[in-house]
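Results of the structural survey
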Amino acid sequence: MRRAGLLLFAAVPVIVTASVYFLAPEDSGASGAGPDLSTAYRSQAAQDARGAQGAKAWAEGAKRGADDVLTGAPPGLAAPAKKDLAQQLVASAENSTLDWRSAYAYVEDIGDGQGYTAGLIGFCTGTHDLLTLVERYTKAHPDNALAPYIPALREVDGTDSHEGLDPGFTAAWKAEAARPAFQKAQDAERDRVYFDPAVRLAKLDGLGELGQFVYYDAMVFHGPGTDATSFYGMRERALKKADSPTEGGSEKAYLDAFLDIRRTAMRTRDAGIDTSRVDTAQRRFLNDGNLALETPLEWQVYGETFKVP
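All figures in this text were calculated on a predicted structure; none of them were measured in a lab.

Before going further, it helps to spend a moment on the overall build of the protein chain. Secondary structure summary: the protein chain contains 12 helices and 5 strands in total. Within the span of the protein chain, comprising 309 residues, buried residues form 52% of the whole. When contacts within the protein chain are restricted to residue pairs at least 6 apart in sequence, those whose partners lie at least 24 apart make up 62%.

Okay, here's the thing in C-alpha cells:
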C-alpha cells in the first residue's frame, strides 16, 4: 500500500464511519435510494455514551443491510478470470509486468518515505499493512524467516526507517516468498484489506467491472483512509461531484469525476508523479466505453505498452 491515510480501526466513531463506507447507497455522501444512514450516523453519534458495544452492533447491522443488497449479485471483478486481469493491471503499474505472481518476492525501498515496499500489491513497512501481514502469517506459521523481524517491524511502523531490518530482512522476505503458504497469505491479506472491500463498495455504488477495478487500484495505491488523498476521502468527494449509478447517475460521468479527483490526489502527494496508470490505462478504458473491462485490452503505464489478448 502506498499510503495509509487515516486508519479505519482506530476508534469507535471511525468504526461507524467505516461501516458507512462499505454501504455506498446508504452512506453519508449518498442521497439516493436506500435508507438514510447519515441520519442513523448522527443518531449513533448522539449515543456514543453507550460505548463501543453499541457502535459495534450498529456497524454490524449496517453490514447486514449491505449483504442483503448484494445477495445474488453477479461476481463482477471477483470472477476468477476478471480477478486475474485486475492483478495484471495492478502489476503493470506496481511492478512493470503482467506476471503478477512474480511480485510475491519483490522487496525494495523505492524512496517514497514508506520504508520497504514488498509483495504483490506493495505492502510497506511504514504503512502498517506489511506488519499485519507478517503477524497474521506468523500466527499460522511460527517458524518462518520473517518472524524474527516482527519486533523491528513494530518499531519502524509509520516511518521509513530500516532500523533492525538491515541487512537480512530483504533476503528473508525473498526466501519466504518462495513458500506457497506465504504466497497464500499475501493473497488473503490483499483480498481482506484491499480487493474485497473495494469491489464490495463499487458494487453497492452500482459500478461494473471497470469501476470495481478503479476502486481497487485506488485502494491499493492511496490506502483505505478517510483523508482527502486516501480512498474513502476521494470517494466521498466524488459522490459530491457526481451521482453514482445507484443514485441514478451516469456510470461514465461518475467514474470521470472519481478519476479526476484521484489524479489530483496523486499530484497533491507528489507534483511530479507519473499518473499514467490513470491517464493512459483506466481513463482509456473509460473513454472506450469498456465499463465491463472486456478483453482484448491495451494500455500504457510509464511509457510502456501492455496488452492482454
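Back to the write-up after that little detour.
Further remarks concern the packing of helix α5 (residues 129–140) against helix α8 (residues 180–204). As a packed pair, α5 and α8 sit with axes 10 Å apart at the nearest point and diverge in direction by 130 degrees. Judged by the angle between their axes, α5 and α8 are oblique. Here α5 and α8 pass one another in a crossing that is right-handed. Of α8, the residues touching α5 (which contributes Asp129, Thr132, Leu133, Arg136 and Tyr137) are Ala181, Phe182, Ala185, Gln186, Glu189, Arg192 and Tyr194.

This part covers α8. Over its 25 residues, α8 extends 33 Å from the first C-alpha to the last, a length consistent with the 36 Å expected when each residue adds 1.5 Å. With its phi angle positive at about 80 degrees, Gly206 sits one or two positions after the end of α8.

Membership of the largest hydrophobic core comes to 76 residues, with the highest contact counts inside it found for Phe169, Trp173 and Tyr216. Setting aside its immediate chain neighbours within four residues, Phe169 contacts Val107, Tyr116, Thr125, Leu130, Leu146, Tyr149 and Leu153.

Before going further, it helps to spend a moment on the sheet that holds strand β3 (residues 123–124). Judged by pairing direction, the sheet is antiparallel, and its 3 strands sit side by side in the order β1-β2-β3 without closing on themselves. Looking along the sheet, the strands with just one partner apiece sit at the ends: β1 (107–108) and β3. Note: β1 against strand β2 (residues 117–118), 2 bridges, orientation antiparallel. Its bridge partner being in β2, Glu108 is matched across the sheet by Thr117.

Attention now goes to empty space enclosed by the protein. Scanning the model with the defined rule gives 1 cavity of 30 Å³ or more in all. The space that makes up the largest cavity amounts to roughly 50 Å³. As for the largest cavity, its lining consists of Leu89, Ser92, Ala93, Phe213, Asp217, Arg277, Ala281, Gln282, Trp299 and Val301. Contributing elements (two or more residues each) for the lining of the largest cavity: α4 (80–94), α9 (209–222), α12 (276–287) and β4 (297–301). The residue makeup of the lining of the largest cavity, split by class, is 6 nonpolar, 2 polar and 2 charged.

Its place among the elements puts Asp217 in helix α9. Side chain to side chain, Asp217 and Arg277 meet in a polar contact 2.7 Å long. If near-sequence neighbours (up to four positions away) are discounted, Asp217 is found in contact with Val90, Arg262, Arg277 and Gln282.

Moving on to the pattern of salt bridges. It is possible for side chains of opposite charge to pair when their charged atoms get near one another. For the structure on display, the rule yields 18 salt bridges. A salt bridge links Lys82 to Glu294, with the shortest nitrogen-to-oxygen separation between them at 3.7 Å. Remark: Glu294 occurs in the loop between α12 and β4 and Lys82 occurs in helix α4; sequence separation between them is 212 residues. For Arg190, the salt bridge is made with Asp187, and the minimal N-O distance between the two is 3.6 Å. Of this pair, Arg190 and Asp187 are both found in helix α8, 3 residues apart, which corresponds to roughly one turn of the helix. Take Arg190 and Asp187: they sit in the same class, and that class is buried.

What counts and what doesn't
- Residues numbered from 1 in each chain as written.
- Predicted model: local features only at pLDDT ≥ 70, side-chain atom pairs only at ≥ 80, totals over all residues.
- Heavy atoms only, no water.
- Helix = DSSP H or I, 4+ residues; strand = E, 2+ residues; numbered from the N terminus.
- Buried < 20%, exposed > 50% of the residue type's maximum accessible area, 1.4 Å probe, protein only.
- Contact = heavy atoms within 4.5 Å.
- Axes fitted to C-alpha atoms, helices over the stretch in contact; angles between N-to-C directions.
- Parallel < 35°, antiparallel > 145°, perpendicular 65-115°, else oblique.
- Left-handed = near helix turned anticlockwise from the far one by under 90°.
- Expected span 1.5 Å × (residues − 1).
- Core = buried A, V, L, I, M, F, W, Y, C linked by side-chain atoms within 4.5 Å.
- Pairing = 2+ DSSP bridges.
- 1 Å grid on protein atoms, 1.4 Å probe; cavity = no way out; pocket = protein on both sides within 12 Å on 5 of 7 lines; lining within 4 Å.
- Points joined across faces, edges and corners; volume = space filled by probe spheres on them.
- Nonpolar A, V, L, I, M, F, W, Y, C, P; charged D, E, K, R; others polar.
- Polar contact = N/O pair within 3.5 Å; in protein donor to acceptor, adjacent residues only side chain to side chain.
- Salt bridge = Lys/Arg side-chain N within 4 Å of Asp/Glu carboxyl O.

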